[in-house]
Amino acid sequence: MSEPSPRRATIGELRLVAFKSHVGTVLPLAPVTLVQGVSGSGKSNLLDGLAALSGLAGGADLAEALAPVRGGLRGCVPHGRQGFRLGCSVETARSGTVSLEVAVRTDGEPRIVAERITGALPGTPARVLLATGEEDRARGRINAIWHSDGRQGDIRAPLAAGSLLAAQLPLRIAGATPGEQRVLTAVEDLLTALREVFPVDPVPALMRGWVPAGDDARLRSTAANLSAVLARIQSECRIRYGKLLRSVRTGSPYPVRELGVLRSDDARVRAALWEGETAVTGAESMSSGLLRYLAFATVLLTGPGVLQMSSADVPQVDRLLTVLAEDLDAGLAEGQVAELLRLAGEVVRHGHARLLATLRDGAAGAAPEALVLHCRRDPQTGYSVLEPSPAPAPASARVGVPAAAQAGVRTGAQAGAGGRGEWAHD
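Calculation rules
- Just so you know, the residues in each chain are numbered from 1, in the order the chain's sequence is written.
- The model is predicted, so local features are restricted to residues of pLDDT at least 70 and side-chain atom pairs to those at 80 or more, both for listing and for counting; the totals for chains, interfaces and linings are taken over all residues.
- No hydrogens and no water enter the side-chain calculation; it runs on all heavy atoms of the structure.
- For this analysis, a nonpolar core means a set of buried residues of the types Ala, Val, Leu, Ile, Met, Phe, Trp, Tyr and Cys, connected via side-chain atoms within 4.5 Å.
- In this scheme, a residue with accessible area under 20% of its type's maximum is buried, one over 50% is exposed, and one in between is partly exposed, where area comes from a 1.4 Å probe on protein chains only.
- Strands are runs of DSSP state E lasting at least two residues, helices are runs of H or I lasting at least four, and both sets are numbered from the N terminus onward.
- A contact between two residues is defined here by any heavy atoms of the two lying within 4.5 Å.
- By the criterion applied in these results, polar contacts are pairs of N or O atoms within 3.5 Å in which, for protein atoms, one can donate a hydrogen and the other can accept it, and in which residues neighboring in sequence qualify only through two side-chain atoms.
- Definition used for salt bridges: Asp or Glu carboxyl oxygen within 4 Å of a side-chain nitrogen of Lys or Arg.
- Cavity: a set of points on a 1 Å grid over the protein atoms alone where a 1.4 Å probe fits but cannot get out. Pocket: an open set with protein on both sides within 12 Å along at least five of seven lines, its lining residues, like those of a cavity, having an atom within 4 Å of a point.
- Grid points are joined across faces, edges and corners, and a volume is the space filled by probe spheres set on the points.
- By the convention adopted, Pro, Cys, Tyr, Trp, Phe, Met, Ile, Leu, Val and Ala count as nonpolar, Lys, Arg, Asp and Glu as charged, and the other residues, Gly among them, as polar.
- Angles shown run from 0 to 180 degrees and are taken between the N-to-C directions of axes, each axis being a line fitted to C-alpha atoms and, for helices, limited to the stretch in contact.
- Angle categories: roughly parallel below 35 degrees, roughly antiparallel above 145, roughly perpendicular from 65 to 115, and oblique for all the rest.
- Should the near helix be turned anticlockwise from the far one by less than a right angle, the crossing is termed left-handed; should it be turned clockwise, right-handed.
- Here the aromatic set is Phe, Tyr and Trp, taking the six-membered ring for Trp, and pairing holds for ring centres within 6.5 Å; pairs whose planes are under 30 degrees apart are stacked, those over 60 apart are edge-to-face, and all others are tilted.

1. Quick word on the nonpolar core
Core analysis: the largest hydrophobic core is formed by 62 residues, its most contacted members being Leu50, Phe84, Ile117, Leu190 and Leu194. The greatest single-element share of this core, amounting to eight residues, is contributed by helix H1 (residues 43-57). Excluding anything up to four places from it in sequence, Leu50 contacts Ile11, Leu14, Leu29, Leu194, Val197, Thr322, Leu324 and Leu356.

The following block contains the structure:
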């Protein structure tokens with residue numbers, strides 16, 4: 001499984017230092033990463049961690065940025081603590097490896113209390129590009145220091161503590177020196193990768209009714225407007241439509257002649273399947289599993305231009321979609337899961353997207369090219385533990401999965417044993 005174009009910034013690692021049920025968890029991300037585990041093990045919290053970073057990268061205030069995450073801002077905080085801390089690493093062609101660490105406190109007014117960005121070009125040590133200093137809680141600000149290479153050294157200035165500092169930098173840095181230009185490039189690559197995250201958790205109850213044909217036809221995370229999106233695909237892109245139809249036929253337990261939409265007199269549409277010669281099944285009669293299957297297949301085959309995302313200003317050539325699929329196999333037959341994973345592998349090989357999905361135990365056997373991990377709860381601490389799958393696919397089969405990723409899962413004391421220093425927040 002080949003990696004996408006090196007021009008595209010790629011999220012290579014997620015770090016949940018203290019986030020929901022995870023403490024000291026490091027999740028390596030391959031082109032296709034599958035996390036298995038029983039309900040309540042904390043596997044969905046991994047998706048929430050990446051969704052939280054994506055929301056923060058949008059630049060909104062903390063409460064608004066984290067509102068789409070389950071539990072919102074307060075739900076990100078581990079039990080008994082007063083804040084959370086997480087980070088990621090992004091691989092880029094222009095800036096090498098760019099790492100972000102951010103700590104948020106929720107006692108009193110929610111605020112950033114520490115943030116650091118480092119950049120490491122190939123063959124060179126990591127350089128701190130952004131760091132934070134003391135807080136000014138009365139004014140809701142925190143001092144930031146960024147790399148400059150100018151005569152007067154690094155630049156120091158107060159920034160708003162109510163939103164991610166990295167998202168504020170493009171409007172604050174002039175780029176007058178090589179150092180500032182390096183910071184701007186690294187931040188741009190970091191934000192691009194994080195803003196290209198799309199969580200999809202289809203809700204069949206919202207997908208059964210009629211929807212306006214004039215809907216903006218950009219798929220929502222719940223897939224509530226799937227019917228309008230299918231109508232758009234059918235009329236605008238016959239190649240994608242053909243692939244989607246083939247995928248539906250493969251995943252359907254009965255013969256499917258056509259996939260499309262029914263149209264009402266008041267300009268609304270509803271997804272439908274034509275079975276055999278005459279039978280037509282509208283979305284209102286489809287099983288929940290089939291509707292979820294349709295939604296996941298549509299996301300994998302369409303890309304950012306047909307998804308409701310906030311990164312439409314990113315040039316298409318620089319876009320690499322990261323799909324977060326919650327309970328990919330819920331309500332699906334084994335053959336449907338296998339077809340979705342096959343489809344994900346095909347999309348990844350073409351460099352169009354990456355996939356991070358959660359599954360029930362044992363459901364990832366049909367994905368020999370994926371990085372498969374297992375999530376469980378430690379009965380003594382109550383924290384989630386991430387570890388290699390008990391029955392991993394042979395390393396030789398996982399083409400494109402870096403060796404470091406295959407063996408790089410760290411949890412608990414392994415990842416959290418480092419010094420707390422400025423990152424202490426609880």
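Still more ground to cover, so stick around.
2. Notes on the side chain of Ser41
With respect to the helices and strands, the residue Ser41 is situated in the loop between strand S3 (32-36) and H1. In terms of polar contacts, Ser41 uses its side chain to reach the backbone carbonyl oxygen of Val38, at 2.8 Å. Setting aside residues up to four positions removed in sequence, Ser41 forms contacts with Cys375, Arg376, Arg377 and Ser384.

3. Side note on the pattern of salt bridges
Throughout the structure, instances matching the rule amount to 19 salt bridges. Here Arg105 and Asp107 are joined by a salt bridge, their closest N and O atoms 2.9 Å apart. In this structure Arg105 comes out as buried when scored by relative accessible area, which is 17%. Connected through salt bridges with shared partners, the residues Arg105, Asp107, Arg111 and Glu135 form a single ionic network.

4. Re empty space enclosed by the protein
Under the defined criterion, the tally for this structure stands at one cavity of 30 Å³ or more. In this model, the largest cavity occupies a volume close to 40 Å³. Taken together, Ile11, Leu29, Ala30, Thr33, Thr322, Arg354, Leu355 and Leu356 make up the lining of the largest cavity. The residue makeup of the lining of the largest cavity, split by class, is five nonpolar, two polar and one charged.

5. Points about the packing of helix H8 (residues 238-251) against helix H10 (residues 334-349)
Direction vectors running N to C along H8 and H10 enclose 150°, while the axes themselves pass 9 Å from each other. Classified by the angle between their axes, H8 and H10 sit roughly antiparallel to one another. Here H8 and H10 pass one another in a crossing that is right-handed. Along the contact surface, H8 presents Lys243, Ser247, Thr250 and Gly251, while H10 presents Gln336, Glu339, Leu343 and Glu346. For the contact of H8 with H10, a count of residues per class yields one nonpolar, four polar and three charged.

6. Some remarks on the packing of aromatic side chains
Remark: the centre distance and the inter-plane angle together describe each pair of aromatic rings, the angle taken between the planes. On inspection of all chains with the given rule, the structure shows one aromatic pair. A centroid spacing of 5.8 Å and a plane angle of 80° characterise the contact between Phe19 and Phe84, whose relative ring orientation is edge-to-face. With Phe19 in strand S1 (residues 10-19) and Phe84 in strand S4 (residues 83-92), this pair connects stretches of sequence that are 65 residues apart. Given the relative accessible area of 0%, Phe19 is considered buried. On the accessibility criterion, Phe84 (0% relative accessible area) is buried.

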